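Fold and geometry: a report
Okay, here's what each chain looks like letter by letter:
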Amino acid sequence: MRLHLFARILLLCAAVSNITTDAFISPASILSRSKLHLSSDFTLYSKTPTPSTPPTPSYPTLRGTSTDSRQIVSQTSTSAYRLRHVLLASESAAEEVMTLLKNGKLLFTEVARTFSACEITRSKDGEVGWFDFSGHDVSDHPLDPILPLSIRSELAVSTSMKPGDIEMFTSERGVHLIQLVDVMVDVSAKTKTRQRSDANTWSTAVDPSNPKKQLYYTLETMGCQMNIADSERMSGQLQNLNILPLPPTSPSSSADVVVLNTCSIRDHAEQKVYSYIGPHAKRKRSGESVSIIVAGCVAEQEGEQLLRRCPEVDLVLGPQYANRLGDLLEDVNNGNQVVATEPEFIIEDITKPKRDNKVCAWVNIIYGCNERCAFCIVPSTRGVEQSRTAESILEECKGLVQEGYKEVTLLGQNIDAYGRDLSPKRKFSDLLSMIGSIPGLERVRFVTSHPRYMSDGVVDAVADCESVCNSFHIPFQSGSDKVLREMGRGHTRRKYLNIIEKIRRKIPEAGITADVIVGFPGETEGEFEDTLKLMEEVKFDNVNTAAYSPRPNTPAAEWTNQVDDDVKNERLQRINKLNLQHAKERRARMVGGFEKVLVESRNVKNPKQVFGRTGGGYVVYFEGEIGELEGKIVDVKITASSTYSLTGELC
Ligand code: SAM
Ligand code: F3S
């Protein structure tokens, strides 16, 4: 089928290549005519921001809100766009290609390499480079041979595209498919800065009497895997600035740069922040040179308020700015206090993350959340959904394999919603299969799945693709339909159980974990028991349990039917007991069996042992030499089990 379509498209493309190639000029002559800064790899980039006045977008708004995620691109701080390009002979060829792209059968880069009639970009997988729209309307433009004036003009007023999107434009040369790969945003235009009255800025962290003094940072991470991944990115940027991690033997009070990456999912998050930064603020007040950075969800939630409560803070950085720490530190270095919390496109990483693990790596594939669960603060702290392009995700995963990584965990708040914000839309199941077939990548995991988007296709991809681990994390939050409705979860108890049945039918050995909340406003004893019954029915490998915690700017926090703390705590204890019992049973059934374990590290509590995980996500400890076993998948006989782990013997 794939070959058949390829052949048809090739025939359709053959027509255009004869007509159009003569009209093209070589990259070298483009470079000589360029008025912009052109680097040797054919990158067009000018720093002059050229805001366009876009028409109102006609895209559907996010469910239940008046926010349109696509409006972000029209903000005036966008200064340049990175594009890829394909030229095809006819609309019918273009439509066939679009269908293949949509189904995940082809990547844009493959189409460019294989079918494009544009000689200039074909050898670069379609890469046009960075395009600044200033002067796009002149006829003697360096991009003329790739994108004629009519197309540049259309692109300049197009507000509908955001990174990852592909659109079709027609000119006298044929049909052009253009992918917007990335957007360059002027960060300083999007952040508030305040000139400091004191001189205690980042620059003064350099001792004037010893300007060559090595600077050290400490970075504390609270919360979920997303925060861990953001922290690894921030570490990468700090080390790129030659600021090194504080040696473990040095006290945190000797750090020159202090970063706290915060989580606001449960209560008292703000208090934790103030008590953590308090001692460093004191150091600063007593004249020590230290820069204090508050990142993550509390930073986004509190914004400028953090500077008011703690004037010693230098930089408040929302999760969407984790990639921009380096740029923002420059502002701090210039003597400003900076608050970077405005919604923002998350640009592709310019700096490599400094990963903590040598075997397993986190890879973000979708940022933000478009859901509006009545209890949850995440949509207001992490912004709207933004899927990365399949090309950039695959590139990152292949790079990790080359660096020696064996396992990637794909990250997203609702990972199964991947691609629905892209144009054309893409499916998570297709992406999973593509990543699962990268040579040398032994294991692929993914978190977190939302029951609303969990499709049969995802279960099939897990079942069919050997390297994709048989492990699912699917929060259910409650076993009561009434509570689920009030939470605004978009799924019922039945729908959730159907997903579990499908998984267990196709992949009986799959590990299944989840999240649940007890004591949601209005939850009765009977509704809580429905949750216990659901857990009895499924018997999870583990459930992250939490008592409902009212969060600022969330609807449920305002409701008058709050459940008493005593009742919440009592329900939490009961659900924890059941969870422990199931976790224990699920692991006990594995004793006597054999498992394939990817060895990650030494067991810090017992140096004779190493540990790793099975495909289903179960942690296994066994005796062995880490130097020999690290990063290897080995057969282990399971000899004993406890509540959350297994013990075994190397076969
Ligand atoms: N996107 C995931 C989903 O809905 O399937 C959940 C992500 S959320 C960051 C992680 C977990 O935190 C949720 O599944 C929920 O159980 C818990 N959580 C979120 N808000 C909470 C609140 N206000 N009180 C208690 N737990 C909360
Ligand atoms: Fe999103 Fe939070 Fe619900 S992350 S899916 S709003 S639990």
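In this convention, every chain numbers its residues from 1, walking through the sequence in written order. The lettering of chains begins at A and the numbering of ligands begins at 1, in the order of writing. This being a predicted model, a pLDDT of at least 70 is required before a residue's local features are given, and a value of 80 or more before pairs of side-chain atoms are given or counted; all residues contribute to the totals for chains, interfaces and linings. Remark: hydrogens and water are excluded; side-chain values derive from all non-hydrogen atoms of the structure.

Another point: the overall build of the protein. Secondary structure counts use DSSP, requiring at least four H or I residues in a row for a helix and at least two E residues in a row for a strand, with both numbered from the N terminus. Within the protein, the regular secondary structure consists of 22 helices and 26 strands. Type-normalised accessible area, obtained with a 1.4 Å probe on protein chains alone, sets the label of each residue: buried when under 20%, exposed when over 50%, and partly exposed for intermediate values. Looking at the protein as a whole, 56% of its 651 residues qualify as buried. We call two residues contacting when some pair of their heavy atoms lies within 4.5 Å. Look at the contacts in the protein between residues 6 or more apart in sequence, and 73% of them connect residues 24 or more apart. Split by element, the accessible area of the protein, about 27,300 Å² in all, is 50% carbon and sulfur. All accessible areas in this document rest on Shrake-Rupley with a 1.4 Å probe, and a residue is counted as covered only by the protein chains that are shown.

Nearness is judged by heavy atoms alone; a residue qualifies as near a molecule or strand once a single heavy atom is within 4 Å of it. The immediate surroundings of ligand 1 are formed by 18 residues, with Gln413, Gln477, Arg489, Asp515 and Ser549 found nearest. Separating an oxygen atom of ligand 1 from a side-chain N or O atom of Arg489 is a distance of 2.6 Å. Bound to the protein, ligand 1 loses 91% of the 580 Å² it would expose on its own. At the level of secondary structure, the elements contributing two or more residues to the shell around ligand 1 comprise strand E20 (511-518) and strand E21 (542-547). Counted as a polar contact is a pair of N or O atoms within 3.5 Å, where, for protein atoms, one must be capable of donating a hydrogen and the other of accepting one, and residues adjacent in sequence contribute only when both atoms are in side chains.

pLDDT gives the predictor's per-residue confidence on a scale running from 0 to 100. Here the protein averages 84 in pLDDT, while 84% of its residues score no lower than 70. Note on residues 1-75: pLDDT is under 50 here. Beyond four places in sequence and across chains, it has 139 contacts. Segment residues 199-205: pLDDT under 50, and 22 contacts once partners within four positions in sequence are set aside and those in other chains are kept.

Spatial strand order, E14-E17-E18: three strands in an open sheet with parallel pairing. Two strands bound the open sheet, and with one partner strand each, they are strand E14 (360-364) and strand E18 (443-447). Ignoring strand direction, the axes of neighbouring strands in this sheet form an average angle of 25°. Should DSSP find at least two bridges between two strands, the strands are regarded as paired. In terms of strand pairing, E14 meets strand E17 (residues 407-411) through five bridges, oriented parallel. For Ala361, the partnering residue across the bridge sits in E17 and is Val408. Helix-sheet contacts for helix H15 (residues 428-436) involve E17 and E18, and the interaxial angle to E18 is about 155°. Whenever a helix is involved, its axis is fitted only over the stretch in contact; in every case the axis is a line through C-alpha atoms, and angles between N-to-C directions fall within 0 to 180 degrees.

This brings us to helix H9 (residues 269-285). Given the number of residues in a helix, its expected span is that number minus one, multiplied by 1.5 Å. Helix length check: H9 (17 residues) gives 24 Å between terminal C-alpha atoms against 24 Å at 1.5 Å per residue, within 8%. Those residues of H9 that sit buried are Ala269, Glu270, Val273, Tyr274, Tyr276, Ile277, His280, Ala281, Arg283 and Lys284.

Within the closed barrel, the five strands sit side by side as E22-E23-E24-E26-E25. Their pairing is mixed. Taken pair by pair, the neighbouring strands of this sheet meet at an average axis angle of 55°, ignoring direction. Pairing between strand E25 (residues 633-641) and strand E26 (residues 645-650): five bridges, direction antiparallel. In the strand pairing of E26, Ala640 is matched with Thr647.

Time to look at the side chain of Ser116. Its location among the elements puts Ser116 in the loop between helix H4 (108-115) and helix H5 (119-122). Ser116 sits in the buried class, given a relative accessible area of 2%. One polar contact links the side chain of Ser116 to the main-chain amide nitrogen of Leu87, over a distance of 3.0 Å.

Looking now at the nonpolar core. One recurring pattern in soluble globular proteins: nonpolar side chains tend to sit buried together. Judged by nonpolar contacts, the single largest core of 56 residues is most densely connected at Ile365, Leu410, Phe428, Leu432, Ile435, Phe446 and Phe540. Apart from the residues within four sequence positions on either side, Leu432 is in contact with Leu410, Val444, Phe446, Val458, Ala461, Val462 and Val468. The set of buried Ala, Val, Leu, Ile, Met, Phe, Trp, Tyr and Cys residues whose side-chain atoms join them within 4.5 Å is what this entry labels a nonpolar core.

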